Amino acid sequence: MNNTTTIPGIKKRFVPLKIFIVVLVFVGLGLFPFMSGNRFYISMINEMMIYGLLAMSLDVLLGYTGALSFMHNAYLGISAYVVGLFLIHISPASLWMACFAGIIFTSIVALPVGWVQVRTGGLAFALLTLAFGMMFHTIVWKWYDVTGGDDGLMGMPNPDITLFGWKLGSTGDPLAMYLFTLVIAAICFFLTRRIINSPFGAVLEAIRENEDRASFIGINVRRYKLLGWMLACLLAGISGALFILYKGYIGPSTMSAFAGAGVLMMVLLGGLGSLWGAFVGAAIFIYIQDYISTMTEHWEIFLGLVVIFLVLFLPTGFVGLGDHLKRFRKG
Amino acid sequence: MEKRNKILNIEGIQTYYGVSHVIQGLSMYVENQEAVSILGRNGVGKTTTLRTIMGLTPPRGGSIHINGVDTTKAPPHKISKLGVAYVPAERHIFPGLSVEENLMMAARPGKGKDPWTLEKVCDHFPVLADRTKQDGSTLSGGEQQMLAIGRALISNPEIIIMDEPSQGLSPLLVQMITDVVLKFCISSGITMLIVEQNYRMALKVASRHYLMGTKGKIVKIASTKELMEDPEIIQSHLSV
Amino acid sequence: AKPVKIGVLVPLTGIVAQGGLEMKYGIEMAAEEKGTVLGRPIELIVEDTRVKPPVAVTKAEKLVYKDDCKALIGVFSSGVGLALSKNIDKLNVPFVSTHVMTTKFYGLHPLVFRSGQLANDQTAVGNVKGILARPDLKDRTYYVIVHDYSWGHDAGERFIALAKENGIKVYNDTYDKAPIKTKDWSSYISKIKASGADGVYMAFITNVIPAFAKQTSDFGLQGKVKLVSAAAPGPLELEAGGEACHGIFGASDWAWDVDNANSNDWEMRFWKKFNTIPSDAAVHSYVGAMNLFNAIEKAGSTDAKAIADALRGISFDGPYGNVRISAKDNCMRNSAVLTETMAAPENPFGAKVYMKVLKTFTADELGPPE
Amino acid sequence: MAELLYTENLCRRFGGVMATNKVCFSVNDHGLTSIIGPNGAGKTTFINIVTGKIPASSGKIFFKGNDITNKPTHDLVKMGICRTFQINSIFEDLSVFENLRIAKQAKNGGSLRIFSSKQSLRTVTEETWELLEHLGLKDLAIRPAKNLAYGDQRVLEVAIAMAGNPKILFLDEPTAGMSPTETKHISKLIKELSKKICVVLVEHDMDMIMSISDKITVLQYGSTIAEGTPEEIRNNQQVREAYLGKEE
Amino acid sequence: MGGTIGIIVDISLNSLVLSGVFLIVAIGLNIIYGLSRIMNMGHGALYAVGAYTGYTLVATGFNYFVALVIAPIIVGGIGLLIERTIIAPMRKRSMVYTLILTYGLMFFLDGMIKYVWGNKPCFIDLPAFMQGTLSILGTQYPIFRLVTLFLIAGIMGGLMLFLNKTKVGLILRASSTIPEMVSCLGINMSYVHMGAFVLGCIMAAMAGIIAGPLTTIDPLMGSEMLISSFVVIVIGGLGSLRGAVLAALLIGFVQTLAEFFITDLAMVIVYVLMAVILAFMPRGILGEGKFE
Ligand SMILES: Nc1ncnc2c1ncn2[C@@H]1O[C@H](COP(=O)(O)OP(=O)(O)OP(=O)(O)O)[C@@H](O)[C@H]1O
Ligand SMILES: Nc1ncnc2c1ncn2[C@@H]1O[C@H](COP(=O)(O)OP(=O)(O)OP(=O)(O)O)[C@@H](O)[C@H]1O
Ligand SMILES: [Mg+2]
Ligand SMILES: [Mg+2]
């Protein structure tokens, strides 16, 4: 992640350890449902992974293109709707086709906002995303005939998860869904890591550092920023597909602007700029929110206090302790 | 001649940017109504020294006294109130404020019989007088420099510290600013500490010179006379 | 003995938090009065749904999988209710909704029940009958405005259809849909003024009704334009609105003005316990909870299917009088009252505005036929 | 010999001010042309227009005979028109190496490879090291750019522009704020560079300008008031009045 | 009831009132942002706190106009406390953290409101002379809404005078650009930040009390106003006060008209308008916005 000290020819020595830990966590998570039968925790971890994926894509967006978005959950929602609609109306068994359609459609819908993003950026864009989020929320809410309005999308079938003829199980089966989510999240994680260390990632980093200069070394800044945006929205699309397959339901409230701020909070809790931190952040946030809201009806007070406390005293997030901070954006 | 005292006295300051130790034990002083320059290569810590004096990057060790007051840990606005005015290298003209407003931001009543006022600044810098309503940030580099100096003067300071006032100015303007500095500041009894790359200008303005080596170490203190007589001094102390 | 755990899902934050709180009170009161089922204490575990379906589903999973709740009760909005129903196979516990008004709940799922507030079709019948019975209301033209979510749409549609059948004039067949967040109703009021309608049929979330009434009164329309409501206004909000809220007409399942021994007794118990004006949300949640507890007792076990079977056809003699959950479609056949808000007589709750009962409907009058 | 780049009556207006006024300027494919002029004469503005940072109000710019007026910056850079800024513009949080590597990469292509590693662009890496070596920045390679001393940052600023293998390089006051020693170092560098490519230099340091320029253009109030060799300019009365002042 | 002219009057006045409330909330937000580069997500909640405080004061017997003065002072005090305890330590940190911090603040304040005042909506009782309606060109318009218009105009006028005729205005504009230099001119930036935050909170509270009688006071009033005021300040250009005035008028009118004529899609229209404006005028309608 920390490119500032990358010297060609000198291998980063801590890499094998990191990979080892990541693989260990992966295997541990894979074995978890076989050790604990409690479906609540399986369900909760499943949700953490889905939101972790979403948070990771937001982390890429924030850390690499400098776009602060309060509406990232809207793309999760859009993808979920498309996947759901595809399965309900077009082909109840074509899981992969549905996911593909959802992800592609999400990227297309992401284009116009991305277009605005590359022209505004910064805080103005951040505030705008709140309103854009509300816009998508309102549209989904209003488009009764297609989306089911605030009732949400009903009647999702449970297709089988199959790959090259091999069948994992139905999406209605929590265990199969859990394993499916785990594998997809892991693949996305490694691919994203790969991407940010690629020449393409380097370009995004340069743009984040100094847009003006980037264009004066011959980078088409707007194009790359748009590509970065689309990439992040595509990842959000994947998380959306997982979301609806797992919940069997999607409604407008998942897309509200204030839920979007929650995703941002996950990123910061985990530590900005470290991809796996996003997963940790999502896990912590979901757990804390669930825990506090079960404890007291005045959970908002305590959640607020926890957030304030964490921002004040854990500036680099849980995994970023000691790590140097990626700056959100140059002034 | 009135008795001269050390209006600015720095002892063994240690300044850091984060973990990098930039000034490692710098001591220097400026006497009342004296003009002193700091000369040195890029990155030795001249700007940092000025910022430290101004309270913008407070030192972690050592002490600074201005007019006998300990300002080591004082914030910039307290230091400014002690009569220190700062002309940063970047000039820092407030964009969106007109020339007049830029000056008014700093204006402070003076004690002497002929204090600096808006009129007086405009008298001395006719270029500014023509442009009082113009947005300060659209002035050309040289005009901005004059505005920055004017802004320092209008607060009727006892000490002005200037960072590279000649940077980026055309030869004509360098001459003009040298004249202004020479004529107005020194003659009106303002103490000056000036950082310059343009040694010719520094020699014209200041009477005593600190030659700074890496990490803010003073490698030589010399008077203008010494340097004039032996230009090799600078060469030998400031090149690698 | 090990307690029987019941999961209570109510909104405690968000726009309907007040209603959610009252529901919680009703259910708590029922649990306390019932005390035990199957010789085991009843333990309620309350979770906040935030009126968000995904949150509600997650909370339901937590209640069932982690806390081992044997049944779910509560739920305010149709969206939440439907989302839970969608997941009920997975959860495999009976779910008694006490506040959902959508007609989609009829015969939705063997484990899903509705016992509580009037459903939209029932309210519409009550309101239309009520309007027809009043000479001063019968000939008015009604402007229909609803909160923009599925309950509102459903309520608006049902009223318009029924009104037309019965010759009541409706100004706008395509009723106005106001966002739930609407605080400033001035644009809508201007629209009503411009339309020349002299009646408004409104399907608003209960605690917003007084706000709307107050603003129409600010614009000098009180009395000139009659407000007919598809749901009972929240009693606390009515108090806050004061005189500006006089004259709201509408059918609902209960009001504390209902005068029978069961009801009067219940009111006082509620008042003593919570020191807050008893509302219909509290009553129907109370009744729903009682139905559930009685069904568990009747089933003799906490098995999901057994409880569901017991719930079908169960009846309860409470503040409403005797009401029954239909064995045919799992939904309650309610009795109802037609009310109008006005200055309250002397009363133990210190209320200044109350819903005066004008007429009572039996369950059979409102339908739907079994 | 055909001109590499020339402008025809280039104008730029800011409100009521003509910052650039009918400038006709031309350079050949190598050599060092300097632009001097009083503060606010429009030097930076001129560079900004030619390098595509701001659009021209009127007039045309030709590069190798093609009209390039108001083309986007990144296209101009790809053609070989690079620049430095009066105020440092570098990738502050990146290492010196990465600063140059990314510039090389942008030049050489391969930026759209999203699944391979940065190190896979071999030639980019090699060329970056060569450049670092050439400019004496090798020792600073892994330092974050923002921690460099000002002078080194100025060198880096030039280096980033050079990484794009420019055919024409615009330098906006590269030595501003530099000590005389470093100024000497960088002017040697510039002179060397100008033997291979076309360099356009904006400076206020007359000693430097006069000693290394092949040709000098003088701007005032946005217009060209003189053009010629250093010797001609030094003796031009108008230039002396407007810019140089009385020589001591 | 009321002819076409009456409808036009109705709509215009409704729009002005709505714009006015947007404006005062947005200006408060803009002042804090302009001076301290802090975007306060808790601003909406403070607006709600202001409204509730006003309600409590009126309910305990104070005159509405007295409450209009006292409640902002109380909320200003709360703002001071917030600034000193959690905002000040964040000053050096990047924007994104203050956004999240104040997001937490919003949760906290929203929760506190429910804890203190409960979930039920409240209404502010107005003095007798403000009740009733006035007949204007054939339409009955509530008197207090007209009074509200004058109040808003008064507050804005006072604020503009304060900012333009005192050095405070200069400091405000200068601090938003180069705070370091401002402190070198002898101005205590810490006080400036504090003052800005408190002033912003006072504006939020005033807006709350003004909006109270217009609408209902409920725990959610803040979050919706927050988004509207974000739209206003972004369309007006971040940090631009003149822009905010124009944007507030624009949004107020568009929203009211849309609610009147195409009720169903009113909010979608507002958001689309915003997107279109921003796409073509990224610095807001006056082009004065700051990029951060
Ligand atoms: N914000 C900063 N963070 C970290 N290091 C810094 C920072 N600013 C300056 N430095 C380092 O501190 C040292 C001294 O810098 P300073 O700006 O004081 O030098 P200077 O003598 O004024 O140089 P110049 O003549 O180039 O202006 C340099 O090595 C520089 O790299
Ligand atoms: N964005 C702008 N808006 C308005 N005026 C501008 C703008 N940019 C430049 N100017 C004006 O255009 C003129 C030319 O400015 P320019 O920066 O090109 O001068 P310069 O020759 O580079 O001066 P210097 O030697 O001081 O850098 C100046 O009068 C300046 O005030
Ligand atoms: Mg310096
Ligand atoms: Mg220039």
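Everything numeric here is computed off the predicted structure, so don't read it as measured data.

Draft legend 1. A look at the packing of aromatic side chains. The final tally for this structure, using the stated rule, is 42 aromatic pairs over all chains. Chaining the aromatic ring pairs together yields one cluster made of Tyr25(C), Trp254(C), Trp266(C), Phe270(C), Phe274(C), Tyr286(C) and Phe316(C). Over the ring of Trp116(B) we find Lys120(B); its NZ or CZ atom is 4.2 Å from the centre of that ring. In this structure, Arg208(B) packs its charged tip against the face of Tyr29(B), placed 4.4 Å from the ring centre.

Draft legend 2. Expanded view of the interface of chain A and chain C. Facing the 30 residues of chain A at the interface are 31 residues of chain C. Interface area, chain A with chain C, both sides summed: about 2700 Å², of which 50% is carbon and sulfur. Run the count over chain A and chain C and you get three salt bridges. Two residues, Lys104(C) and Asp151(A), come together in a salt bridge whose shortest N-O distance is 2.8 Å. Where chain A packs against chain C, one counts 14 residue pairs in polar contact (both at pLDDT 80 or more).

Draft legend 3. Looking closely at helix H1 (residues 17-34) of chain C. Residue and element names in this part refer to chain C. In this model, H1 (18 residues) spans 26 Å end to end at C-alpha, consistent with the 26 Å of a helix rising 1.5 Å per residue. Taking burial as the measure, the 18 residues of H1 include 14 buried ones, the bulk of the element. Just downstream of H1, Gly-35 is the residue with a positive phi angle, here 75°.

Draft legend 4. Molecular detail of the site of ligand 2. What surrounds ligand 2 is a group of 14 residues, the closest being Thr138(B), Asn39(D), Lys43(D), Thr44(D) and Thr45(D). In this structure ligand 2 sits where residues from chains B and D come together. At a separation of 2.5 Å, an oxygen atom of ligand 2 approaches a polar side-chain atom of Thr44(D). With respect to ligand 2, the side chain of Thr45(D) contributes an N or O atom lying 2.5 Å from an oxygen atom. Here ligand 2 has 630 Å² of accessible area as a free molecule, and 73% of this is covered by the chains. Ranked by residue count, the leading element in the shell around ligand 2 is helix H1 (residues 43-50) of chain D, at three residues. Looking at the shell around ligand 2 residue by residue, the class counts come to three nonpolar, nine polar and two charged.

What counts as what
Residues numbered from 1 in each chain as written. Chains lettered and ligands numbered in written order. Predicted model: local features only at pLDDT ≥ 70, side-chain atom pairs only at ≥ 80, totals over all residues. Heavy atoms only, no water. Phe/Tyr/Trp six-rings, centres within 6.5 Å; stacked < 30°, edge-to-face > 60°. Lys NZ or Arg CZ within 6 Å of the ring centre and 35° of its normal. Contact = heavy atoms within 4.5 Å. Buried area = accessible area lost by both parts, 1.4 Å probe. Salt bridge = Lys/Arg side-chain N within 4 Å of Asp/Glu carboxyl O. Polar contact = N/O pair within 3.5 Å; in protein donor to acceptor, adjacent residues only side chain to side chain. Helix = DSSP H or I, 4+ residues; strand = E, 2+ residues; numbered from the N terminus. Expected span 1.5 Å × (residues − 1). Buried < 20%, exposed > 50% of the residue type's maximum accessible area, 1.4 Å probe, protein only. Near = heavy atom within 4 Å. Areas by Shrake-Rupley, 256 points an atom, 1.4 Å probe, with all protein chains shown as cover. Nonpolar A, V, L, I, M, F, W, Y, C, P; charged D, E, K, R; others polar.

From the geometry alone we can't say anything about function, so treat these as descriptive.
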